[in-house]
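Here is what each chain is made of, one letter per residue.
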Amino acid sequence: MTSPEYPQHHNTAGAGPSSSRSSRSNYYRPATIAELAAQAQQNLWNPNLGLKHWLRTAEKARRTAESLIQAHDYEGAFVEYAKAATIVLEKLPTHREYQTLLNADQRNNLGMVSLFL
């Protein structure tokens, strides 16, 4: 899966300036963790939207990350996993519907996601 936000980068191992006569304009600098984390936070949260919307959004981000891994777009996958984790671990517990729409077991299960990250 390739998108404008996550351009697909071909394996550039050994394609640095010393191993190729190609111009430096073809060189790709991977994004830093901080840059990827900042991308994950862009337009991520609107507390006015319903809890179910955010559960679906987190699941969609997780599925998108899996597709990006298959496409070898590890930066894009990192961003999508970071979005899903931020929604589930940080944002959902602050949502006004969190205590009323989810029972104790469901809240506990969402909290257990942190064990796998």
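Structural data are supplied above this passage.
All of the points below concern the structure found in this document.

A word on the overall build of the protein chain
Part 1: The number of helices and strands found in the protein chain is 5 helices and 0 strands.
Part 2: Traced from its N-terminal end to its C-terminal end, the protein chain shows the element sequence α-α-α-α-α.
Part 3: For the protein chain, with 117 residues in total, the buried portion stands at 25%.
Part 4: At a minimum sequence separation of 6, the contacts of the protein chain that also span at least 24 residues come to 67%.

Details of the nonpolar core
Part 1: Membership of the largest hydrophobic core is limited to 10 residues, which are Leu44, Leu51, Trp54, Ala58, Ile87, Val88, Leu92, Tyr98, Leu102 and Leu110.
Part 2: Only α2 (51-70) and α3 (74-91) provide two or more residues apiece to this core.
Part 3: With 3 residues, α2 is the largest single contributor of residues to this core.
Part 4: Non-local contacts of Tyr98, meaning those with residues more than four positions away in its chain, are made with Leu51, Leu92, Pro93, Arg107 and Leu110.

So, the pattern of salt bridges
Part 1: For the structure on display, the rule yields 4 salt bridges.
Part 2: A salt bridge links Glu35 to Arg29; the shortest N-O distance between them is 3.0 Å.
Part 3: With relative accessibility at 33%, the residue Glu35 sits in the partly exposed group.
Part 4: A salt bridge links Glu59 to Arg63, with the nearest nitrogen and oxygen atoms 3.6 Å apart.

Considerations on the packing of helix α1 (residues 33-41) against α3
Part 1: At their nearest, the axes of α1 and α3 sit 8 Å apart, and the two run at 55° to each other. With respect to α3, the element α1 is oriented oblique. Like other packed secondary-structure pairs, α1 and α3 cross with a definite hand, here right-handed. Facing Ile33, Leu36, Ala37, Gln39, Ala40 and Gln41 of α1, the residues of α3 in contact are Glu75, Phe78, Val79, Ala82, Lys83 and Thr86.

A word on the side chain of Thr86
Part 1: Within the secondary structure, Thr86 sits in helix α3.
Part 2: The buried category is assigned to Thr86, whose relative accessible area is 7%.
Part 3: Contacts of Thr86, omitting those with residues within four sequence positions, involve Gln41, Leu44 and Lys91.

Focus: the environment of Ala82
Part 1: Position of Ala82 among the secondary structure elements: in helix α3.
Part 2: Along the backbone, Ala82 and Gln39 are 43 residues apart, and their C-alpha atoms lie at a distance of 9.3 Å.

Rules behind the numbers
Numbers given to residues run from 1 along each chain, matching the order in which its sequence is written. It should be noted that, the model being predicted, local features are given only for residues of pLDDT at least 70 and side-chain atom pairs only at 80 or more, the latter also being counted only at that level, while totals for whole chains, interfaces and linings use all residues. Note: side-chain values were computed over all heavy atoms of the structure, leaving out hydrogens and water. Secondary structure elements follow DSSP: runs of H or I no shorter than four residues count as helices, runs of E no shorter than two count as strands, and numbering proceeds from the N terminus. A 1.4 Å probe rolled over the protein chains alone gives each residue an accessible area, and that area as a share of the maximum for its type sets the label: buried under 20%, exposed over 50%, partly exposed in between. Any two residues whose heavy atoms approach within 4.5 Å are treated as being in contact. By convention a nonpolar core is built from buried Ala, Val, Leu, Ile, Met, Phe, Trp, Tyr and Cys residues, the set being connected through side-chain atoms within 4.5 Å. Salt bridges are counted wherever a side-chain nitrogen of Lys or Arg sits within 4 Å of a carboxyl oxygen of Asp or Glu. Fitting a line to C-alpha atoms yields each axis, with helices limited to the stretch in contact; the angle taken between N-to-C directions then spans 0 to 180 degrees. Small angles under 35 degrees read as roughly parallel and large ones over 145 as roughly antiparallel, with 65 to 115 read as roughly perpendicular and the rest as oblique. A clockwise turn of the near helix away from the far one marks a right-handed crossing, whereas an anticlockwise turn of less than a right angle marks a left-handed crossing.

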